[in-house]
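If you want the building blocks of each chain, they are given just below.
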Amino acid sequence: MHTPGPQPRPPGATIAETIVACATAPGRSGRTIVRLSGPAVETACSSLFQPATNRRGVCRGDVLIGGRPCPAIVLRGVGPASYTGEDTLEVVLPGNPDLVERFVEACCAVAGVRRAGPGEFSARAYLNGRLALDEAEGVAAVIAARTSDDLAAAQQLASGELGRVYRDWADELTTLLALIEAGIDFVDQEDVVPILPRDLQQRLGRVRREMAERSKGGIAESAEGLPPLVVLAGAPNAGKSTLFNALLGRARSVVAAESGTTRDVLIETLALEEAAGPGLAVRLADLPGLDADATGGAAQAAQEAAIETLDRADAVVYCDPQGRFVGLETGISSRVPMLRVQTKADLPSAALLEGTGHAPGTAGGSSDVAVCALDGWRLDVVRRGIADIALRAPGGSCAVALARHAREIGRAACALEAVEAEIDPTARALDAPELVADGLRSAVDSLGQILGRITPDDVIGRVFATFCVGK
Amino acid sequence: MSPRSREGLYLHIARGALLTHIISSIEPLAQARGQRKPAIPTRAYHPRVRQNYRVIVIGGGHAGAEAAWAAANLLPPQTRRGSAEPRATVALVTLDPAKIGVMPCNPAIGGLAKGQLVREIDALGGLMGLAADASGIQFKVLNASRGAAVRGPRCQNDKHAYAEAVQSLIRSRPEIDIIAASVEDIIVERGCATGVVIKAAASDDATPLHAPAVVLTTGTFMRGLMHTGRTKTPGGRHGEGAATGMSACLQRLGFELGRLKTGTPPRLDRTTIDWDSLPVALGDETPTPLSELSAVEEGPALTLEALLESTGGVVGERFPKMQQIECRQTNTTPEMHEVIRANLHRAPIYTGDIKSAGPRYCPSIEDKVVRFADRPTHGVFLEPESLRSNWVYCNGIATSLPADVQELLVRAMPGCERAEIHRYGYAVEYDMVRPHQINATCMTKPVGGLFLAGQINGTSGYEEAAAQGVVAGINAARLARSEREWTLGRDQAYIGVLMDDLVTKTPVEPYRMFTSRAEHRLLLRADNAADRLTPLARELGALDSTDLGRWRTQLFGDRERALTAARTTIARAQHDGVSLAHAVRQDRLSIDQLRQALDDAGTPCPLPVAATLHAEARYEGYIRRQCADIKRRASEERRTLPAWIDYRTLGSLRTEAREALARFRPTTFGQASRLEGLTPADVTLLTVLVDRARKNHASA
C-alpha cells in the first residue's frame, strides 16, 4: 500500500515509515540541520552519504544532492536509545534553503521516506515511550516560546514539572470523587461517613483557584485559542491578493492590475492539513500594499490598518516580484519568522537566477520560494512554507500544544465551578451527590485528556483504601 | 403439562432412559437456518449434527436459571411430527434440581446498582424480579432520600420461598427440561461446543447430550473448597460437593483459569437471640416491587388467574405477597475484636491456607479487625432468612475462623449472649475462567458455542450472575437460531457496563457492580429500565411466546402512552409561574406533588411514570450533555476490530499495548480504549494500523 508522493501525514500515523524534515528555522543561516527518523535511515545513510557509513555517532563526508557531493556532518543515532526511540540521522548542511529543500527531496526519493508532519519527531518519541505526552508537548513549547515566561512554563512542561502539578490536581479530585462515591454506593454501610459539603467545597475551590491561576498567569494565556496570524505583506501591486486568492482557492480579494487595489485588511482561515497535518490552520491576512508615500483619508487609513495587522502578525509572508526583499524588515520584529516569496515568477526578472527561482544574495536577502499564483506553480511549496513559519512563530506550536492543556484545564475549572454552585456548605450532607459526582467526573476526565484516563476502578480503589466497607 | 408430570419427566430423563429416545428422533437442522449464512463465522455447522436441545444450560443457580429462562423466551417448544406434545428446546442440567435458585449467602435481592441490574433483567423479560417480589419479606429502597439515579430497590427474601418461586417459574416453561446430572465433559467438534457428556446422579453411564450452544455456570463449584478454621471440605456450598472434572476439562480446551475466594457469616437461631432488646430495622412503609409485573392491576388482555396459572402461582397475586418482617441491629464489640485478634493464627486467610483474593467490599470480620484496627465497633444486621424457620443471617461478620472461635465472637455481640449457631460461617475458594477469554456476549473466544456466565467469570452477587445469565441465554438462543450476536452498550444498561468491564479488565477480586462504575449513571436508572430495555426485548422477540411476555408488552404500551401524554403536560402546565419541568429542576416539586399537578392538569399517570418524568426533568441538562457525549463517541465505540488481526505483528505499537490487545482481543475500538495499558495515542495508532491491515487482508 503506497500512496503516491511524499505527503506529510498526521503525527503518529504510521511509524513504519521514515520521516524527514528540516530541523532548524527556515531561511538563510550558516548551518541547517535536516533530521530523519525511522527504519529507512540505514538505507538513506548508505545511498546519500559518501563515504558510505553506518556508524553510530558523528561522521564527516559528503551528501549527494542531485548526484553532486556537498560537504556535510552526519550524526547517526540508533534506536531505541535515540530521541525518537528509532534509528535517527541528523545531517548538518550549509544553510541554503534551496540546497536544503533539494536534499529533503533526495531523502524522500529513498523508499519509505516521507516528509514529517509538524511535531512528528516528538510524536514518535511519545509513541515509543521516550516522552510522556505532557513532556512531548513541552519540547514543542520550548522551541516556540515567545517570552521568558513562556520559556519557563515550557521548560516546566518539558521536565514533567507541570505534569506533576496536573497530577496533584487529578489526585485531589479523584480522592474527592471517591469520598462522594462512597457516600452514594456504600451509604448502607454505617462505617462510611460522607464528606461534609463544607469541606468538599473548600477543597474543590482550592483546586479550581489553582487551575485558574495557572491558566491566567502561566503559559495558557499565550494561546488565545485562535490559529496563528500569517500576514501577506509587501509593496503595492506585489501580487499579494492574487496569492491570497490562490491559497484560499477562491476569489476572496479583488484583484486588479492597478496598484493599491486592496484597501481593507482581509483575514481568512487557511487550512493547511494537506501540507502539514491534521488540525493545522492559520489565519491568513491580505494587507493593502505598504506605501510610505500614501496620503489622503482612505489610503492612509488603509496603511494604518495594515501596519496594525503587521504588528500582530505571528508570521509574515513577504511578497516581492523583484526578489529583492528590502525595506520591510525594519517594520517587523526580528523574532517574527518570515517567508520570502518571489511572486509573479512567470515574469522575467533581473534578479531571478535562471531555472532555480533563486535570487542572488542582495542586501535584503533572497527568496525562499518563487511562485506563480496564476498557474499554481509551486503553490504547494508556499503552503508548506506557511505551515513551517506558522509553527515556528513565537507561541505558534506552543499555542498548538498548550492550547490543548489550557482548553482542558479551562473545561475542568468550569466543571468545578458548576459543582461548587451545587453544594450548600451549610447542609449536613450533599443534596444531590450524583450531580456533584457528575461534574467532578467531567473535571477528572478533562485532566485525563492530558494525563491519561482515570478510571472508575481508580476511584473505587480509593474508597476501599479509605473506608471499612462491607457488611 | 402440569408441574407434576414435568417433574416426572425430568426424573425420567435423569435416569437416562429418555436420552436414547431423544437422540434417535433428531430432526435435521431447522429449515430456517439453511438459507442464511451463519452470522457468527467461527461456528461451523455440521449438516447432520445430533441435536437433543437447542441450548444446554449447566448449573441451576442465579446465572443458570436466568440463562435457561432467557433462552426459553426465544426458543418456543418444538412440535414434533406425529406427536401432540411439544418438545423442550432448553436443557437445564444441574446436580440437584431441588437446589435451583437457592440463596447460599445473604437472602436478599437488589440494592445499590444491583437493584438497577434486577430492574434491567426484568425489563428484558427475566425471572429474578418476579421471584424476588413473590418471596420478599422486607422491601427497602436504598438511598431513597437521594436522586433517582442512585436509588437502589432492594428486598430481603424468604430464602426457601425464593428458590421455590424460581423452580416454579422454570417448571412452568414447557421449553425447559430439567436434567439431574453431573457434567463430565464438554463435547467440542471443529473448535465449537456441540454438547456435553452428562452422568445422572445415581448412574455410572455417561451420556452425550447435544446442542449448538452450551451455557456453563459453575458458581463456586469448580474445585470448590470450603474453609472453617483449619477444616477444609471440598464443595461449592454447605452440604454439597464440588465439580472436580470441569476445571481440567476447561484447561484441556486451552482456558486460563484463576482462583477466587468468597465467604459467608454464621447463621443464628432466632429463638436464642434477645430479639426484642435490639434496635429495629424496618423496611419501607410502601414496598417498591422489583418487577414491572408485580403490583399492577388486571388488564383486559390477561386475567390474573390466567397469569397465576401460567406462572406456577408466582405472578399475579397481591403485592407484597408475603408477610413483611422486621430486622434487628447489633454490633461488634472491642471484646469480640480481642477474641478475633487472639485467634488470627487460626484464620485461614492469615495462616496462608487461603491464597486467593476475596472481595474488598465484603471483607470478613477478621479482615476488618486487622485492616481497620482503630475502629472499636462495626455494625451488624440480624436478618431473618425465612418465615418458616428461625434462622437468622448475621450481615456483617462473614468469617472463616474455627467453629469454637465463632461461638465466642457471636456471643460477644449485644443481644446474642446466649445465641446458638445453626451453621458456621465459612470461606469458599473456587476456580474461575479469566474473563478476557469471553466476549461481551458471554461466548468464549477459543470455543465457539460455549458460553460462560456468573461467578465463573469472576463476578460476585446473585444479580451480577443473573445479568450474565440473561446475556448468555439470549446469545445462546440466537446462536442456535443462526442470528447475529446481541450486546448492550455502557450507555444502555448496567448489564452493558458489567459485560464491558469483564472483557476489558483484569479481575483482582470478585467483581461487584457499583453505580460509580457507570459513567452514564444519570441515564441508567431503576425507574426507566423498561423504557431502555423492553423495546429491545420486543425486537429480540423475547416477549412474543408467553403470557408473561404479552402482559409485559401490554403494560409497557400503557406506560409509553402515559409518558407521552404527561411529557407534553410537564412542559406546558404551570406551577407558581414556571413550567412543571422547571419547578422540578429547581427542586420545588416532589414526585408526589408532580403526580398531583399532572393529575390536576388532566393527564393522570401512575406513580412509576411520575417518578420517571420527575427524574428526567431533574436531570435534564445533565442528560442532554451525556447524550451528546455518547453520540460523539458512538462511532468509535461501536467500530469493530477484525477478529483475524495478529497484534503481535503490529510492531509499531508499544509492547505493553500490543500485549494487552493480544490478550484481550477486544471486539470494538471502544473496548480497546478501555484496556489497561492502552493510552489514547495507542488507540489512534491502532486505528491507522487496523485500516492498513484491513486493506492488506482484502488484497491478500
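No experiment lies behind these values; they were computed from the predicted model shown.

1. Focus on the overall build of chain B
Inference 1: The secondary structure content of chain B amounts to 24 helices and 24 strands.
Inference 2: For 700 residues, the compact-globule estimate of 2.2 N^0.38 gives 27 Å, and the C-alpha radius of gyration of chain B, at 26 Å, lies within 12% of that figure.
Inference 3: Seen along its three principal axes, the alpha-carbon backbone of chain B occupies a region of about 75 × 70 × 65 Å.
Inference 4: A buried classification covers 55% of the 700 residues belonging to chain B.

2. Examining the overall build of chain A
Inference 1: Regarding its fold elements, chain A presents 14 helices and 13 strands.
Inference 2: Expressed as a percentage of the 471 residues in chain A, the buried residues total 49%.
Inference 3: Long-range contacts, defined as pairs at least 24 residues apart, comprise 67% of the intrachain contacts of chain A with a sequence gap of at least 6.

3. Concerning the sheet that holds strand β20 (residues 421-423) of chain B
Residue and element names in this part refer to chain B.
Inference 1: The six strands lie next to each other as β16-β17-β18-β19-β15-β20, forming an open sheet whose pairing is antiparallel. Only two strands of the sheet have a single neighbouring strand rather than two, namely β16 (280-281) and β20.
Inference 2: Of the strand pairs in this sheet, strand β18 (residues 379-384) and strand β19 (residues 391-395) are connected by four bridges, and their pairing is antiparallel. Bridging across to β19, P384 finds its partner in V392.

4. Some remarks on the environment of G61 of chain A
All names here are of chain A.
Inference 1: Secondary-structure assignment places G61 in strand β4 (residues 57-65).
Inference 2: When the C-alpha atoms of G61 and R164 are compared, they prove to be 44 Å apart, with 103 residues separating the residues in sequence.
Inference 3: For G61, the contacting residues outside a window of four places in its chain are F49, Q50, P51, A72 and V74.

5. Examining the domain arrangement of chain B
Inference 1: Domain annotation for chain B reports domain 1 (3-28 + 38-107 + 158-260 + 437-510), domain 2 (266-283 + 324-424), domain 3 (542-625) and domain 4 (639-699).
Inference 2: Residues of the side of domain 1 of chain B that touches domain 4 of chain B, tallied by class, amount to two nonpolar, three polar and three charged.

6. Structural notes on the nonpolar core
Inference 1: Formed by 240 residues in total, the largest nonpolar core has its most connected members in V55, V57, A71, V90, V214, V215 and F451 of chain B.
Inference 2: Among the elements that make up this core, the one with the highest residue count is helix α14 (residues 462-480) of chain B (twelve residues).
Inference 3: Excluding anything up to four places from it in sequence, V55 of chain B contacts A71, L75, T89, V90, A211, A213, V215, A476, A477 and A480 of chain B.
Inference 4: Membership of the second largest hydrophobic core comes to 41 residues, among which are V230, A235, L247 and V282 of chain A.

7. Quick word on the sheet that holds strand β1 (residues 18-22) of chain A
Residue and element names in this part refer to chain A.
Inference 1: The seven strands lie next to each other as β3-β4-β5-β6-β2-β1-β7, forming an open sheet whose pairing is mixed. If you trace the sheet from one side to the other, it starts and ends with β3 (49-50) and β7 (113-115), each paired once.
Inference 2: Where strand β2 (residues 31-37) and strand β6 (residues 88-94) come together, seven bridges link them in antiparallel fashion. When the bridges of β6 are listed, R31 appears paired with P94.
Inference 3: Packing of helix α1 (residues 41-48) onto the sheet brings it into contact with β1, β2, β3, β4, β5 (68-77), β6 and β7, and relative to β6 it is tilted by some 35°.

8. Some points on α1 of chain A
Inference 1: Turning to α1 of chain A, its buried residues number three or more, namely V41, A44, C45 and L48 of chain A. Along the long axis of α1 of chain A, the arc covered by the buried residues comes to 100°, so they all point the same way.

Reading the values: rules and limits
Residues numbered from 1 in each chain as written. Chains lettered and ligands numbered in written order. Predicted model: local features only at pLDDT ≥ 70, side-chain atom pairs only at ≥ 80, totals over all residues. Helix = DSSP H or I, 4+ residues; strand = E, 2+ residues; numbered from the N terminus. Rg over C-alpha atoms; globule rule 2.2 N^0.38 Å. Buried ≥ 20, exposed ≤ 12 C-beta atoms within 10 Å, placed from the backbone. Contact = placed C-beta atoms within 7 Å. Pairing = 2+ DSSP bridges. Domains from an automatic or database assignment. Nonpolar A, V, L, I, M, F, W, Y, C, P; charged D, E, K, R; others polar. Core = buried A, V, L, I, M, F, W, Y, C linked by C-beta atoms within 7 Å. Axes fitted to C-alpha atoms, helices over the stretch in contact; angles between N-to-C directions. Arc of directions from axis to C-beta.

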